[in-house]
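# Coordinates in review
The primary structure of each chain is shown beneath.
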Amino acid sequence: MHTQGIPVINAEQTADILRHIDVKEAMRRVFTSLAHGQAVQPEQKVVLLPDSRGDFINYFGVDISRQLIGTKISPYLVTQHKPVITAWTLLMSTADGMPLMLCDASLLTTERTAATTTLAVELLAPAEAQTLTIFGTGHVARAHLRHALTLRKWKEIRIWSRSCSQESDTLAREDGLPEGLLKVCASAEDAVKDTDVLMLCTSSPIPVIDLKQLTRPCLITSISTNAPGAHEISPRALPEMDVYCDYRQTTPAHAGEMIIAAREADWRSEDIRGDLPELVTGRAARPFYKRHVFFRSLGLGLEDIAIADSVLSYLKKQDN
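The present account deals with the structure reproduced in this document. Keep in mind that this is a model prediction, so the values were computed, not measured.

So, on to the pattern of salt bridges. Taken as a whole and judged by the stated rule, the model has 20 salt bridges. A salt bridge links aspartate 242 to arginine 273; the shortest N-O distance between them is 4.0 Å. One end of the pair, aspartate 242, is in strand E15 (residues 242–245); the other, arginine 273, is in the loop between helix H7 (256–264) and strand E16 (274–275), and 31 residues separate them in sequence. On the accessibility criterion, aspartate 242 (8% relative accessible area) is buried. By relative accessible area, arginine 273 is classed as partly exposed at 33%. Counted as one network, the salt bridges with shared partners bring together Lys24, Glu25, Arg28 and Glu122.

Quick look at the structure:
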């Protein structure tokens with residue numbers, strides 16, 4: 001569908017296009033631009049609707065290296081039944097200020113979230129890591145699983161959630177995993193025993209794991225949710241870990257566990273050891289795993305711009 005020659009891409013189209021683009025490399029590219037001063041990441045802006053009718057979150061970004069300005073708008077609209085949640089990304093050119101594309105961002109948000117986390121795992125996890133654990137079985141968790149499959153030579157991938165079934169064969173078949181690689185665990189404690197990487201992919205606003213259950217230092221990643229103050233680990237654990245994030249200029253002001261830790265646990269944003277712009281350019285020190293390593297991803301407008309740019313680039317190639 002087109003409006004005045006500008007492509008308007010729906011969810012069905014983006015689902016098909018996603019099979020043809022390398023989202024993780026798009027994330028690497030935009031964080032490199034951010035590191036070199038060629039991109040700008042403003043803070044996200046939440047706008048409340050009158051009479052408690054909901055809100056909409058605005059994610060902004062500028063990537064001069066790609067001549068792009070963009071914004072993703074995600075409304076949460078209260079209705080008499082279940083709320084309506086959508087997300088659309090608009091790309092515009094810095095060359096002439098004209099719009100380039102409008103696309104449904106629902107699936108793109110899931111994929112860029114997973115790709116950002118797995119980029120961090122690629123850069124932070126021990127090279128010899130063999131065991132991956134994922135908390136969650138929803139579409140976001142499964143996207144993380146798909147993106148993480150080739151990061152290391154995993155000998156075992158464990159899945160756990162409060163609602164997780166024991167049908168590991170079904171899960172493995174649906175996600176295209178090699179036979180015998182996936183294990184669905186009966187408890188969180190079983191899932192994290194001797195694990196090397198723990199990816200938290202839940203929508204829980206409260207901690208989903210007691211870090212005392214971890215039997216050795218590992219990499220923990222968290223995406224959490226937009227609920228106020230949401231955190232998947234205890235904020236009091238932050239001073240005892242090597243902490244990294246997607247972007248140190250914005251994440252500490254919005255990530256629930258960081259806000260609480262700064263207020264109650266003698267932790268400061270200055271304690272963050274590195275962010276993705278620093279990691280992709282080699283400016284941040286890698287962890288030594290004398291203690292747990294924590295990576296917090298908040299979700300950035302630049303990530304939305306980068307994946308939408310990949311969609312647009314794919315469409316241009318198809319037209320040539």
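There's more to say after this.
Turning to the nonpolar core, a few remarks are in order. Residues Met27, Phe31, Val197 and Leu219 are the most contacted members of the largest nonpolar core, which totals 59 residues. Per element, the largest residue contribution to this core is eight residues, and it comes from helix H9 (residues 301–319). Once residues lying within four places of it in the same chain are set aside, the contact partners of leucine 219 are Val121, Leu124, Ala125, Asp196, Val197, Leu198, Tyr289, Val293 and Phe295. Judged by nonpolar contacts, the second largest core, of 27 residues, contains Phe135, Ile233, Ala255 and Ala261.

Here we come to the packing of aromatic side chains. In total, this model carries one aromatic pair according to the counting rule given. One Lys or Arg, lysine 72, reaches over the ring of tyrosine 59 and ends 4.4 Å from the middle of that ring.

At a minimum axis separation of 8 Å, helix H3 (residues 106–124) and helix H4 (residues 139–148) run at an interaxial angle of 45 degrees. With respect to H4, the element H3 is oriented oblique. For the pair H3 and H4, the crossing hand works out as right-handed. On H4, the residues that touch Thr110, Glu111, Thr113, Ala114, Ala115, Thr117 and Thr118 of H3 are His139, Val140, Ala143, His144, Arg146, His147 and Ala148. Looking at side-chain class alone, the contact of H3 with H4 contains five nonpolar, seven polar and two charged residues.

A two-sided burial pattern is seen for E15, the buried positions comprising Asp242 and Tyr244 on one face and Val243 and Cys245 on the other. Where E15 meets strand E17 (residues 293–296), four bridges bridge the pair, whose relative direction is parallel. Bridging from a neighbouring strand, cysteine 245 pairs with arginine 296 of E17. Bridge count for E15 against E16 is two bridges, and the pairing is parallel. If you follow tyrosine 244 over to E16, its bridge partner there is glycine 274. Between E15 and its parallel partner E16, the chain crosses via H7, and the hand of that crossover is right-handed.

How each quantity is defined
- Residues numbered from 1 in each chain as written.
- Predicted model: local features only at pLDDT ≥ 70, side-chain atom pairs only at ≥ 80, totals over all residues.
- Heavy atoms only, no water.
- Salt bridge = Lys/Arg side-chain N within 4 Å of Asp/Glu carboxyl O.
- Helix = DSSP H or I, 4+ residues; strand = E, 2+ residues; numbered from the N terminus.
- Buried < 20%, exposed > 50% of the residue type's maximum accessible area, 1.4 Å probe, protein only.
- Core = buried A, V, L, I, M, F, W, Y, C linked by side-chain atoms within 4.5 Å.
- Contact = heavy atoms within 4.5 Å.
- Phe/Tyr/Trp six-rings, centres within 6.5 Å; stacked < 30°, edge-to-face > 60°.
- Lys NZ or Arg CZ within 6 Å of the ring centre and 35° of its normal.
- Axes fitted to C-alpha atoms, helices over the stretch in contact; angles between N-to-C directions.
- Parallel < 35°, antiparallel > 145°, perpendicular 65-115°, else oblique.
- Left-handed = near helix turned anticlockwise from the far one by under 90°.
- Nonpolar A, V, L, I, M, F, W, Y, C, P; charged D, E, K, R; others polar.
- Pairing = 2+ DSSP bridges.
- Right-handed = clockwise from strand over helix to strand, strands pointing away.

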